[in-house]
Amino acid sequence: MCTMISRRNFVLAASGAALAAAVPRRVGAAGTKTNALKIPQLIKGSPAANKVYQLGIADGTSKFLPGLSTPTCGINGAYLGPTVRARAGDRVTMRVKNDLTEPTTLHWHGLHVPARHDGGPHQVINPDQIWDPSFEIRQNASLCWYHAHLNEQTGEQVLRGLAGLFLIDDDASDALHLPTDYGVDDIPLIIQDRRFNADGSFEYLSNVGDIELGYRGDVILVNGTVAPHLELQRQRTRLRLLNGSNARIYSLGRADDAELVVIGTDGGLLERPVRTRRVRLGPGERIELLLDMEPARTVKLMSYPASSGGMGMMGHGMGVDNETFQIIEFRAGRLEPAAVSIPDRLIQVPQWNPVQAARTRTFTLDMTTMSMGAMVGPAMDGSMGINGRSMDMDRIDERVPLGSIEIWKIANMTPLTHPFHIHDVQFRVLDRDGGPPQPYEQGLKDTVLVDPGSTVRVIAEFADFADPDHPYMYHCHILEHEDAGMMGQFVVV
Ligand SMILES: [Cu+2]
């Protein structure tokens, strides 16, 4: 059973020195023994005009560390959930049963669905209840995901395991003959970091930095596997990565320093493959890679300090995420040849011209205990917010006219990088401090990293679902920040 901790009751009174000391143990490979990567079960829904997916949320027990059991939560299993696979144009019903002893929600992160079906903080599923939203898949082939989104409890429920992948296929993607054989040459990788107590349970909010910096763990899990390896069966493998961590930002690269081949981001494929030595992936973001393997080789996917690899960035602020560690090791099995070469062009990514925008809204991220250049505090109410206000379930912050194209300008005056997520839409990143986004960010996205002192502009069309009564969320995807109030609500009207 998940313990209830109200973020708002957690006293935030840290000095800079206390926070520096609060950065947890360094991520270490726990010995040299590796484990075969677990692959989440794939569910395709009942083969009817309306595909029904059964998702049962329950408590469970997982084994991550030798000789220890960890109380966890999962969907159709002890930890994490199955991969939902659907197709653009499908009508789907998600039949979600809550067998926990506490309320939860399930949000379809990245999906364009009516707000009342979005699974945000207002769509509470009480214990023993079934919630069965039904919607049409109206978007590009992409790797989306689902996770708990209960107000002030998201961090802990996701930490315990309430997350899974949502794969969408479409004709344009199929025509490219990219690898799509799930678990064979199309490999999901949910990257998370966790800390453990001596009894094997997850350690959470034990540390003053857990809220202000966001939770960091010293053990990396991929699909719930500690120190994973995977033996590849094809010369070419598609890797679909989700940063499912509460707060950690990864700067991904190969140990041999060869380039990564990026073909997709949050909301679908890029226009053409991007070759780069580093990909920065914040909480909630996804990336799709193609990995070509040669016989008898090993490829190690690593995370590096943010400022390494010629990224020309300052890092994520406050000295966080500046470690080097392994995520997963790929080994060459008996490799079947790839059918086709990597296409030069992938898809036509929708884009909107800034002159089409009806208006620009500004969202300034606030941490009342921190400001640029100096630590101040203790905070008046220990809260975090956007535009000077903390999340209020009863307040609608923005009203967006149906069908309008808008620019949302996200300004970060805090000393930490924040991943900003908008529900309902897939946006394009226009610019970061007036300069272009990274090449691998130039596709449809729903989450974007905003660095300290930086301003990012995104553009989106708010189509299809007007509803004055049910809001969508926008928020920081550092789950501890979201739970502390760095979230707001908009309605499409
Ligand atoms: Cu944040």
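Residues numbered from 1 in each chain as written. Predicted model: local features only at pLDDT ≥ 70, side-chain atom pairs only at ≥ 80, totals over all residues. Heavy atoms only, no water.

(A) Looking closely at the coordination of the copper ion. At this site the copper ion is bound by His418 (ND1), Cys476 (SG) and His481 (ND1), with donor distances of 2.0 to 2.1 Å. Mapped onto the sequence, the residues coordinating the copper ion show the spacing H-x57-C-x4-H. A residue pair is termed long-range when its members are at least 10 positions apart, and histidine 418 in strand 30 (residues 418-422) and cysteine 476 in strand 34 (residues 472-476) qualify at 58 residues. Given the relative accessible area of 0%, histidine 418 is considered buried. (Donors = N, O, S within 2.8 Å, 3.2 Å for Na, K, Ca; no water. Helix = DSSP H or I, 4+ residues; strand = E, 2+ residues; numbered from the N terminus. Buried < 20%, exposed > 50% of the residue type's maximum accessible area, 1.4 Å probe, protein only.)

(B) Summary view of the sheet that holds strand 5 (residues 83-87). What the five strands build is an open sheet, ordered 2-5-11-10-7; its pairing is mixed. Unpaired on one side and paired on the other, strand 2 (42-43) and strand 7 (107-109) mark the two borders of the sheet. In this structure, strand 5 lies alongside strand 11 (residues 163-169), joined through four bridges in parallel fashion. Paired with alanine 86 across the strands is isoleucine 168, a residue of strand 11. (Pairing = 2+ DSSP bridges.)

(C) Up close: the pairing of strand 17 (residues 250-254). Strand 17 sits mainly inside the fold: five of its five residues count as buried. Both faces of strand 17 are covered, namely the face carrying Tyr250, Leu252 and Arg254 and the face carrying Ser251 and Gly253. Judged from the three bridges that link them, strand 17 and strand 22 (residues 298-303) form a sheet pairing that is antiparallel. When the bridges of strand 22 are listed, glycine 253 appears paired with methionine 302.

(D) Local environment of the sheet that holds strand 15 (residues 228-234). As summarised here, the arrangement of the six strands in space is 1-15-23-22-17-20, forming an open sheet in which the pairing is mixed. Single-partner strands in this sheet number two, and they are strand 1 (35-36) and strand 20 (279-281). The pairing of strand 15 with strand 23 (residues 325-336) spans five bridges and is parallel. Counterpart to leucine 230 in the pairing with strand 23 is phenylalanine 330.

(E) Focus on the pattern of salt bridges. Summed over all chains, the structure comprises 37 salt bridges. Arginine 216 is the partner of aspartate 321 in a salt bridge, and the nearest nitrogen-oxygen pair spans 2.7 Å. Taken together, the residues span a long stretch of sequence, with aspartate 321 in the loop between strand 22 and strand 23 and arginine 216 in the loop between helix 4 (209-212) and strand 13 (219-222) at a distance of 105 residues. Both residues of the pair, aspartate 321 and arginine 216, count as buried. Glutamate 398 serves as the salt-bridge partner of arginine 361, at 2.9 Å between the closest nitrogen and oxygen. Remark: glutamate 398 occurs in strand 28 (residues 398-400) and arginine 361 occurs in strand 24 (residues 359-367); sequence separation between them is 37 residues. For the pair arginine 361 and glutamate 398, a shared accessibility class is recorded, and that class is buried. (Salt bridge = Lys/Arg side-chain N within 4 Å of Asp/Glu carboxyl O.)

(F) Here's a closer look at the nonpolar core. One finds Trp408, Phe420, Ile422, Val448, Val458 and Phe490 to be the most contacted residues of the largest nonpolar core, which totals 54 residues. Each residue touching valine 448, except ones within four places of it in the same chain, is listed here: Glu285, Ile410, His418, Pro419, Phe420, Phe427, Val429, Arg432, Glu441, Val456 and Val458. (Core = buried A, V, L, I, M, F, W, Y, C linked by side-chain atoms within 4.5 Å. Contact = heavy atoms within 4.5 Å.)

(G) Broad picture of the packing of aromatic side chains. For the coordinates displayed, the defined rule picks out 21 aromatic pairs. When the ring of tyrosine 79 is compared with that of phenylalanine 202, the centres are 6.2 Å apart and the planes differ by 55°; the resulting orientation is tilted. With tyrosine 79 in the loop between strand 4 (70-75) and strand 5 and phenylalanine 202 in the loop between strand 12 (186-194) and helix 4, the pair connects residues that are 123 residues apart, well separated along the chain. The pair formed by tyrosine 79 and phenylalanine 202 is uniform in burial state, with each residue classed as buried. In this structure an aromatic cluster arises from ring pairing among Phe363, Trp408, Phe420, Phe462, Tyr472, Tyr474 and Phe490. (Phe/Tyr/Trp six-rings, centres within 6.5 Å; stacked < 30°, edge-to-face > 60°.)

Everything listed here is a matter of geometry and, on its own, says nothing about what the molecule does.
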